[in-house]
Amino acid sequence: MPLQVNFPPFLFEVFLYAPIDDESSKAKIGNNTITFTLHKKEAAMWETLSVSGVGKEMMQRIREKSILQAQERAKEAVEAKAAARREDQKYTLSVMMKIEEEERKKIEDMKENERIKATKELEVWKECQRKAEEQKKVQREEKSHQQEKQIEKEGKKLKHKSLTRNSASRSFATKGRNSQNIFFEKLKEDSIPAPRSFGSIQISFTPRVFPTALRESQVAEEEEWLHKQAEARRAVNTDIPELGDLKEEEKNPEWLKDKGNKLFATENYLAAINAYNLAIRLNNKIPLLYLNRAACHLKLKNLHKAIEDSSKALELLTPPVAVNANARMKAHVRRGTAFCQLELYVEGLQDYEAALKIDPSNKIVQNDAEKIRNIIQGTELKY
């Protein structure tokens, strides 16, 4: 077995008498000396340290064999290391799966406990309702019984009075019967009223901007909203250098808003954003401009900008009145959607619940809110 040490400018090579254990053998260099600590593979007495009478060809073959053996050992070491790494990864994965399973089981147990608790509370409520209904039924029966007794008592009194009256007036029954009939016929004719005159009444209603009926509690908010909208229509900024190259209609924020809406409908979101941008520069008090631009940013995955525009729209959509309810609902949904796509599910759920307070019967918003709750609870895949 050859032993070779290269320590420039020196090269030490020796062909040992027998094989040694490569892993436990060492060579230490220091103080201008090299110290070898060699461990034999087999415990035996060597006749000499090195093999004598070895030719060049023999040396070459021994070197090549040693190199192949070293390569094999290195390959085996790499494979063993890779196998150990795979085992470690497998063990780590199993541990993580176990932890996740425990967490899932914990969540399921919590949900089951909540379900059992809610079921018990529902049963208690039903029992209370049943007892209350039975008590009401007993009270109704007692009241009905008392009323029957009272009616029976009143009937007896009336019967007694009637008998007394009949006995007193029986002697006058035949006398004046014809005159009495004439009197009643005349009374019947006099009691019939004359036919009423007819005509038509003209009714006019006060014109109203809002779709709902007038309520005194909403008057102040509605007047404030109308005042803000009137101010917004007047607040047009004409001090923009680019206005000189635009047509007269292109200087109108409402025209630009409609243009942006048409571009959005054709999925040209960047052009729509440009139209809304110019409209906002002309008038930054119109909430629908921010709301529509937020929809464009959502389509382009500009999530932070979508949140910013939705928040600005909600800021301008005050005070909350019936005429801006749909816009407020859309602003909450768009901001909630952006939060969820950023994996901020708690914030997103808050916006969806705010939208449901405005429009509780919206099935699409209800379903999306339920999905977000399931994601938060870990029972559904993320967006």
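Residues numbered from 1 in each chain as written. Predicted model: local features only at pLDDT ≥ 70, side-chain atom pairs only at ≥ 80, totals over all residues. Heavy atoms only, no water.

Draft legend 1. Expanded view of unusual backbone geometry. The omega angle of the peptide bond from T318 to P319 is 0°, so this bond is cis rather than trans. As for its position among the elements, P319 is in the loop between α7 (303-316) and α8 (325-341). Residue E267 is not a glycine yet carries a positive backbone phi of 65°. Counting through the fold element by element, E267 comes out in the loop between α4 (253-265) and α5 (269-282). Residue E267 is classed as exposed on the basis of its relative accessible area, which comes to 60%. A positive phi angle is found at E343, which is not glycine, with a value near 65°. Locating E343 in the fold gives a position in the loop between α8 and α9 (345-358). (Helix = DSSP H or I, 4+ residues; strand = E, 2+ residues; numbered from the N terminus. Buried < 20%, exposed > 50% of the residue type's maximum accessible area, 1.4 Å probe, protein only.)

Draft legend 2. Representation of the nonpolar core. Of all hydrophobic cores here, the largest spans 20 residues; its most connected members are L256, A272, Y276, L289, Y290, L291 and C296. Every element with two or more residues in this core is listed here: α4, α5, α6 (287-299), α7 and α8. Setting aside chain neighbours within four positions, we find L256 in contact with E250, A275, L278, A279 and L282. The next biggest cluster of nonpolar side chains, apart from the first, holds twelve residues, and it includes M329, V333, Y345 and Y352. (Core = buried A, V, L, I, M, F, W, Y, C linked by side-chain atoms within 4.5 Å. Contact = heavy atoms within 4.5 Å.)

Draft legend 3. Inspection of the pairing of strand β3 (residues 26-30) at higher detail. Looking at chain direction, β3 and strand β4 (residues 33-37) are connected through five bridges and run antiparallel. The residue bridging K26 from the neighbouring strand is T37, located in β4. (Pairing = 2+ DSSP bridges.)

Draft legend 4. Region of the structure containing the packing of α7 against α8. Where α7 meets α8, the closest approach of the two axes is 9 Å, and the angle between their N-to-C directions is 155°. By the criterion of interaxial angle, the relationship of α7 to α8 is roughly antiparallel. The two elements α7 and α8 cross, and the hand of that crossing is left-handed. Residues L303, A306, I307, S310, S311 and L314 of α7 pack against R328, A331, H332, R334, R335, A338, F339 and Q341 of α8. A per-class count over the contact of α7 with α8 returns seven nonpolar, four polar and three charged. (Axes fitted to C-alpha atoms, helices over the stretch in contact; angles between N-to-C directions. Parallel < 35°, antiparallel > 145°, perpendicular 65-115°, else oblique. Left-handed = near helix turned anticlockwise from the far one by under 90°. Nonpolar A, V, L, I, M, F, W, Y, C, P; charged D, E, K, R; others polar.)

Draft legend 5. Summary view of the environment of T92. Counting through the fold element by element, T92 comes out in helix α1 (residues 56-169). Note on T92: relative accessible area 41%, which makes it partly exposed.

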